[in-house]
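Chain residues, written in single-letter form:
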Amino acid sequence: MTSQHPADTADVLASKKQAFQIPDGVIYLDGNSLGVLPKHVPARIAQVINEEWGNSLIRAWNTHSWIDLPARTGDRIGKLIGAPAGTVVACDSTSVNVFKVLSAALALRPERKVILSDNGNFPTDLYVASGLKQLLDKGHELKVVDPEAVKDAIDEDVAVVMLTQVDYRTGRVHDMADITRAAHDAGALAMWDLAHSAGAIPVDLHGAGADFAVGCGYKYLNGGPGAPAFLYVAPEHQDKVTSPLTGWMGHEAPFAFDLDYRPVSGISRMTVGTPAILALSSLHAALDVFEDVDMADIRRKSVSLSELFIAEVEAKCPQLELASPRDPNARGSQVSFRFKEGYAVMQALIDRGVIGDFRAPDVMRFGFTPLYLSHQDIVDAVEILKDILDTESWNRPEFKTRAKVT
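All figures in this text were calculated on a predicted structure; none of them were measured in a lab. (Residues numbered from 1 in each chain as written. Predicted model: local features only at pLDDT ≥ 70, side-chain atom pairs only at ≥ 80, totals over all residues. Heavy atoms only, no water.)

(A) Up close: the nonpolar core. Counting 84 residues, the largest nonpolar core has I81 and L205 as its most contacted members. Other than its neighbours up to four places away in sequence, L205 contacts I81, G82, A83, M176, L194, A210, A213 and Y232. In terms of nonpolar packing, the next biggest core, distinct from the first, is built from 28 residues, C91, L102, I115 and A129 among them. (Core = buried A, V, L, I, M, F, W, Y, C linked by side-chain atoms within 4.5 Å. Buried < 20%, exposed > 50% of the residue type's maximum accessible area, 1.4 Å probe, protein only. Contact = heavy atoms within 4.5 Å.)

Written as structure tokens, this is what we have:
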């Protein structure tokens, strides 16, 4: 399929596609789950392995500033999420960071016992919160409401409002500034999971007054499978909180090897163990693709791609039901459709080179990463989807067999 959609002729991001390694014959609509490999990253990792690790050995912690890589990578991410320098650090996994940040937040509101979240939150955040309240054993309650009911549920008992900004299933977006303001008005703190936001939509943590945030590096940030996550602590909280995991990298003088823990000043007190240098180097290098990009341009193209996708699917695939908000301002950079045999349809799509993913019980997810997708990609993908539905080619045993990862 070599046609060009009219909207692609004026696309200011069109040249960015050449920065990514996309297999021939593949239309990749799953950047909301795992980002595509930027072409320059393998060479950077080879340099880290062969030159820095291979030749400098342990000296590389100083000569190549490995020790500062979590903070340097955090600052690069911070530029994409409206966070001032020195407020973001790249480290650990999202789940571990949820544990650290939520624990720190609860310690700032010891008289309050409610953690408020919604049923659109990513389940691991809820699992971590449940485990933490049991560990603390101080009478905390995890209150989970519908997304639309969050604001009305904020009262004087709430310690922390803990939400994922963009719903991982439907793409529904919370109004960060509005909910954070409501939390503060009630004396609560606001903690945001940006796993499906960072690098996909404009985010302004500082402008919104957010207290804490976490996110991952392997989705829209393209850091690679299992890439380090990140966390944000607002400047006014940084020297008031301490990580519950008081590891040596958060110590004031990690190489003094004191037996007593003294947290370092600033965001680095939220770090724990030795940084994963190879993984961090991959993430740090992958962020190069954002250096000359305006997040407003990414958002405009994201909306254009997703609006085209919805229009094409609804015109050609009436069997599917839109599961995402119809208003583009209420959506992140993904669109979901429901279909009873959604898993099988998705496997048939993947078999034809259109890669999305599936979320139980019946949601087919399609992510839109403007840096490497075109409008013509969207039209071509829907044509393949239409053919699969019209011919019922999804109705084969191999497409209905559930793999471990969906």
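Next comes the rest of the write-up.
(B) Structural view of the sheet that holds strand β2 (residues 88–90). Spatially, seven strands are ordered β2-β8-β7-β6-β5-β3-β4 in an open sheet, and the strand pairing comes out mixed. Looking at the sheet topology across the chains shown, the edges are occupied by β2 and β4 (141–145). Averaged over all pairs of adjacent strands, the angle between their axes in this sheet comes to 20°, without regard to strand direction. Bridge count for strand β7 (residues 212–215) against strand β8 (residues 230–233) is four bridges, and the pairing is antiparallel. (Pairing = 2+ DSSP bridges. Helix = DSSP H or I, 4+ residues; strand = E, 2+ residues; numbered from the N terminus. Axes fitted to C-alpha atoms, helices over the stretch in contact; angles between N-to-C directions.)

(C) View of the pairing of β7. Going residue by residue along β7, you find F212 and V214 tucked away on one face and A213 and G215 tucked away on the opposite face as well. Bridging between strand β6 (residues 189–193) and β7 involves three bridges; their strand directions are parallel. When the bridges of β7 are listed, M191 appears paired with F212.

(D) Highlighting empty space enclosed by the protein. Under the counting rule described, the total for this entry stands at one cavity of 30 Å³ or more. Looking at the largest cavity, its volume works out to about 40 Å³. Lining the largest cavity are D118, G120, N121, P147, T164, V166, D167, R172 and H174. (1 Å grid on protein atoms, 1.4 Å probe; cavity = no way out; pocket = protein on both sides within 12 Å on 5 of 7 lines; lining within 4 Å. Points joined across faces, edges and corners; volume = space filled by probe spheres on them.)

(E) Examining unusual backbone geometry more closely. In this structure, P361 follows A360 across a cis peptide bond, with omega equal to 5°. Mapped onto the elements of the fold, P361 is located in the loop between β12 (357–359) and β13 (363–367). Even without being a glycine, D137 presents a positive backbone phi close to 50°. Mapped onto the elements of the fold, D137 is located in the loop between α5 (123–136) and β4. Positive phi, close to 55°, is recorded for F257, a residue that is not glycine. Mapped onto the elements of the fold, F257 is located in the loop between β8 and α9 (277–286).

(F) Up close: the sheet that holds strand β10 (residues 334–338). Read across the sheet, four strands follow the order β9-β10-β13-β12 without closing on themselves; strand pairing throughout is antiparallel. Here the strands that pair on one side only, and so sit at the sheet edges, are β9 (321–322) and β12. Bridging between β12 and β13 involves three bridges; their strand directions are antiparallel. Opposite R359, over in β13, you have V363 as the bridge partner. Running over the sheet, helix α10 (residues 295–316) touches β9, β10 and β13 and is turned about 20° from β10. Set on the sheet, helix α11 (residues 342–351) makes contact with β12 and β13; between it and β13 the angle comes to about 40°.

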